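Here is what each chain is made of, one letter per residue.
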Amino acid sequence: MNTPLPFTRRQFIQKSAVASAAITVPFILPSGLRSQNAPSKKITVGIVGCGNIADSHFPPLLGSPESVRVVAVCDVDSVRLAAGAARVNQAYGNKDCQTYGDFRELNQRTEIDAIFVCTPDHWHALIAIDALRHGKDVYCEKPLTLTIAEGRALVDTARKYNRVA
């Protein structure tokens, strides 16, 4: 006689995925950011692109003030740039968010740990490679690159600079 399980196969997979993510996520971050001697317990983030894609990234980033701090936003559209900065400033209750019209200026900031690339697909590889060269880790929605050559260049750059993309 078969006894019913306390949960379905789908529930088991979901719970396993959550547990796996909880265990894995701390190891994705560089050890210098996780250690007791880390210069800051917060990961500083810059967001490149403040349009529709960024809309889904703002809430979790701004909702984790104990571990993540958005310090800069970048967009070529001045209206979206102002809206992105206003969203960050409102969440933190200040006016400290720096704005940039050129991603290369944002990537040059040494105190930024990671970049979220929220631009149209054809910009992903260029922005990500530039960020990696400047010592940033990169988060980007798919597709990360459009061609095999772009993907190879991005992987090679991430390895060369010991960064995560």
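The preceding data block contains the structure.
Keep in mind the model is a prediction, meaning the values are calculated, not measured.

J.: I keep staring at the overall build of the protein and nothing clicks. Help me out?
T.: Along the protein, the regular secondary structure elements total eight helices and five strands. For the protein, the succession of helices and strands along the chain, N to C, is α-α-β-α-α-β-α-β-α-β-α-β-α. The contacts of the protein with a sequence gap of at least 6 include a subset with a gap of at least 24, amounting to 63%. For the protein, the exposed area adds up to about 10400 Å²; of that, 58% sits on carbon and sulfur atoms.

J.: Help me out: how do you make sense of the layout of surface pockets in this one?
T.: Estimated volume of the second largest pocket: approximately 280 Å³. In terms of lining residues, the second largest pocket is bounded by 18 residues, among which Gly 49, Asp 75, Val 76, Thr 119 and Pro 120 are the most central. Broken down by class, the residue content of the lining of the second largest pocket amounts to ten nonpolar, five polar and three charged.

J.: Whenever I open this one, the packing of aromatic side chains confuses me. Can you help?
T.: Geometrically, a pair of aromatic rings is defined through the distance of the ring centres and the angle of the planes. According to the stated counting rule, one finds two aromatic pairs in the structure shown. For the pair Phe 103 and Trp 123, a centre-to-centre distance of 6.3 Å together with 65° between the ring planes defines the contact as edge-to-face. You can see Phe 103 sitting in helix H6 (residues 103–107) and its partner Trp 123 sitting in the loop between strand E4 (114–117) and helix H7 (124–133), a full 20 residues away along the chain. Pairing Phe 116 with Tyr 139 gives two aromatic rings, centres 4.8 Å apart and planes at 35°, and the pair type is tilted. On the criterion of sequence distance, the pair formed by Phe 116 in strand E4 and Tyr 139 in strand E5 (residues 137–140) is long-range, its members being 23 residues apart. Between the NZ or CZ atom of Arg 69 and the centre of the ring of Tyr 92, over which it lies, the distance is 3.8 Å. In this arrangement the basic side chain of Arg 104 is found over the ring face of Phe 103, its NZ or CZ atom lying 5.8 Å from the centre.

J.: Where do I start with the pattern of salt bridges in this structure?
T.: Pairing is possible between side chains of opposite charge, provided their charged atoms come close. Here the structure, examined in full by the defined rule, presents five salt bridges. Across the pair Arg 104 and Asp 102 runs a salt bridge, and its minimum N-O distance is 2.8 Å. Between Asp 137 and Arg 163 there is a salt bridge, and its shortest N-O distance comes to 3.1 Å. Within this pair, whereas Asp 137 is found in strand E5, its partner Arg 163 is found in the segment after helix H8 (148–160), the two being separated by 26 residues in sequence.

What counts, and where the lines are drawn
- Residues numbered from 1 in each chain as written.
- Predicted model: local features only at pLDDT ≥ 70, side-chain atom pairs only at ≥ 80, totals over all residues.
- Heavy atoms only, no water.
- Helix = DSSP H or I, 4+ residues; strand = E, 2+ residues; numbered from the N terminus.
- Contact = heavy atoms within 4.5 Å.
- Areas by Shrake-Rupley, 256 points an atom, 1.4 Å probe, with all protein chains shown as cover.
- 1 Å grid on protein atoms, 1.4 Å probe; cavity = no way out; pocket = protein on both sides within 12 Å on 5 of 7 lines; lining within 4 Å.
- Points joined across faces, edges and corners; volume = space filled by probe spheres on them.
- Nonpolar A, V, L, I, M, F, W, Y, C, P; charged D, E, K, R; others polar.
- Phe/Tyr/Trp six-rings, centres within 6.5 Å; stacked < 30°, edge-to-face > 60°.
- Lys NZ or Arg CZ within 6 Å of the ring centre and 35° of its normal.
- Salt bridge = Lys/Arg side-chain N within 4 Å of Asp/Glu carboxyl O.

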